Amino acid sequence: MADDPVAPGPPAAGLDTTVSHSARIWNYWLGGKDNYAVDRLAGDKVAEMLPIIVVQARADRAFLGRAIRYLAGEEGIRQFLDIGTGLPTADNTHEVAQRVAPESRIVYADNDPLVLIHARALLTSSPEGSCDYVEGDLRDPAKILADASRALDFSQPVGLMLLGVLHHLPDTDEAYAVVRQLVAALAPGSFVTINHSTSAVSGEAMEEAVRHWNEVGTPSMTLRTPEQISGFFDGLDLVPPGVVSCSRWRPEPGEEPGTPAEVDEFCGVARKA
C-alpha cells in the first residue's frame, strides 16, 4: 500500500466522497493515490477482517497482465473491450497489449466519475494503436457496445475483459444475461476473460468482509461459487486450466505446482467458436 496516500484533488461533479467506492478502495489496495479518506478507512477495515485481501487484489492485477499477454501474444488479439476498468494504475490493459502489439486498439468502459477523469488524462495510446474511453454501465450492455463500436470493429475478434465487475450485479440471472448479450455481439475467434469474487478459499472470513463492504461501500458485491462463475462461460471454449483461482491461471514459468496460494478471485478465459 502507499505509505502516504493523497486524495486526488477536488472532487469531480457527481462524485460523492462521503461514501467509499470499490474502484478507489481497489486503487488503495494496489498502492495507488487516487482515493479518499473514506476509501482508505473502508479498505483498512476489510483488510483487518481479511488480511489476504491485499494479496488478492494484486493477484487479480497480475492475472490481467498474464491474460492480456496470452491473448495478444499467443492468440493474436488486437482489439480489447475492458468493462469495469477501475482506476488506472500500472500495467493497464492497453499498456500490456501494446507492449506485445503496438497496433492494438483498446476501449475502456466505466461509470465512475473519478475513473472517467483519470482515464481521459492517463490512458494514452501508442502511436500505432488507439485507446478510448466510454462512459457506460454494465447493466446497459447495448450502449457500451454501440459506443465502443466507434473505435472497435466487431466483425473482427475482440478480447472482452470483465474483471472484478460482474460481482457488482446482485442478480445472477441478470449477470448471465448481460454476459450473453455481450458475447452475442462478438465475432467468432473472440475471447472472454472474467474474474469474480468468491468465498471458496477463505469461507466465512471472506463472507464477513463482503458483508462489511456492503454496509459501507458502493457498489455492493455478491459472492458466487466457482460453479456459478463457470456458468458465465457456457457455450464458450475454456482455455486450460479452466476456471481457477486467478493466482493459478497459467502461472509464470518456474513456479512450483500448487503455488502460489489460492485467493478468492476465480477466473477464466474462453474462446467464442
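For the structure given in this document, a descriptive report is provided here. What you see is a predicted model, and the numbers here were worked out from it, not measured in a lab.

## Notes on the packing of aromatic side chains
Then step 1. Considering all chains together, one arrives at four aromatic pairs under this definition.
Then step 2. With 6.4 Å between their ring centres and 90° between their planes, Tyr70 and Phe191 make a pair best called edge-to-face. With a gap of 121 residues between them, Tyr70 in helix α3 (residues 53–74) and Phe191 in strand β6 (residues 191–197) connect regions that are remote in the sequence. Grouping residues by exposure puts Tyr70 and Phe191 together as buried.

## Let's talk about the pairing of strand β10 (residues 265–271)
Then step 1. Most of β10 sits out of view: six of its seven residues are buried.
Then step 2. Here seven bridges tie β6 to β10, and the two strands are oriented antiparallel to one another. Across the sheet, the residue bridging to His196 is Phe266, located in β10.
Then step 3. Pairing between strand β8 (residues 237–238) and β10: two bridges, direction antiparallel. By the bridge assignment for β10, Leu238 is matched with Ala270.
Then step 4. Here strand β9 (residues 244–245) pairs with β10 via two bridges, running antiparallel. Bridge pairing in β10 links Val244 to Cys267.

## A few points about helix α2 (residues 37–49)
Then step 1. End to end, α2 covers 18 Å across 13 residues, agreeing with the expected 18 Å (1.5 Å per residue, within 8%).
Then step 2. Here α2 has its buried residues at Asp39, Arg40, Ala42, Gly43, Val46 and Ala47. Around the axis of α2, the buried residues are gathered within 165° of arc, so they sit on the same side. Opposite the buried face of α2, by more than 90 degrees, sit the exposed residues Ala37, Leu41 and Glu48.
Then step 3. In this fold, the buried residues of α2 make contact with β1 (20–21), α1 (22–29), α3 and α8 (204–216).

What counts, and where the lines are drawn
Residues numbered from 1 in each chain as written. Predicted model: local features only at pLDDT ≥ 70, side-chain atom pairs only at ≥ 80, totals over all residues. Heavy atoms only, no water. Phe/Tyr/Trp six-rings, centres within 6.5 Å; stacked < 30°, edge-to-face > 60°. Helix = DSSP H or I, 4+ residues; strand = E, 2+ residues; numbered from the N terminus. Buried < 20%, exposed > 50% of the residue type's maximum accessible area, 1.4 Å probe, protein only. Pairing = 2+ DSSP bridges. Expected span 1.5 Å × (residues − 1). Arc of directions from axis to C-beta. Contact = heavy atoms within 4.5 Å.

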